[in-house]
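If you want the building blocks of each chain, they are given just below.
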Amino acid sequence: IGPTGSGKTLLVKTLAQLVDAPLVIADATCLTQAGYVGEDVESILYKLYVESGHDVERTQQGIVYIDEIDKIRKSGANVSISRDVSGE
């Protein structure tokens, strides 16, 4: 964790290139519980699977970077969460 513009994302991208690992960057402000509007853990892992060329072993070696996590901490409460269209 560091201040905005300190190069955290660039560091992770560079690390992923150096170790030849698939990388997915998820925005923490969009993360929600499953069934709600926004991204959940399963959708992030699916993106990693796609990024790894649908190779399960490569996916297991991948990196998930959760960006903007400090913004969640600062806001404290949940950002307006609403149910998805299916009502689940």
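Residues numbered from 1 in each chain as written. Predicted model: local features only at pLDDT ≥ 70, side-chain atom pairs only at ≥ 80, totals over all residues. Heavy atoms only, no water.

Chemist: Describe unusual backbone geometry, naming the residues involved and giving the relevant values.
Modeler: Positive phi is not limited to glycine here, since Asp20 has a value of about 55°. With respect to the helices and strands, the residue Asp20 is situated in the loop between helix 1 (8–18) and strand 1 (23–27). Notably, His54 is not glycine yet its phi reads approximately 60°, a positive angle. Looking at the secondary structure, you find His54 in the loop between helix 2 (41–51) and helix 3 (56–60). (Helix = DSSP H or I, 4+ residues; strand = E, 2+ residues; numbered from the N terminus.)

Chemist: If you had to explain the pattern of salt bridges to someone new, which residues and values would you point to?
Modeler: Tallied over the full model, the rule gives one salt bridge. Note that Asp20 is salt-bridged to Arg58, the shortest N-O span being 3.8 Å. Linking Asp20 in the loop between helix 1 and strand 1 with Arg58 in helix 3, this pair joins segments that are 38 residues apart in sequence. Classification of Asp20 by relative accessible area gives exposed; the value is 54%. For Arg58, a relative accessible area of 29% gives the class partly exposed. (Salt bridge = Lys/Arg side-chain N within 4 Å of Asp/Glu carboxyl O. Buried < 20%, exposed > 50% of the residue type's maximum accessible area, 1.4 Å probe, protein only.)

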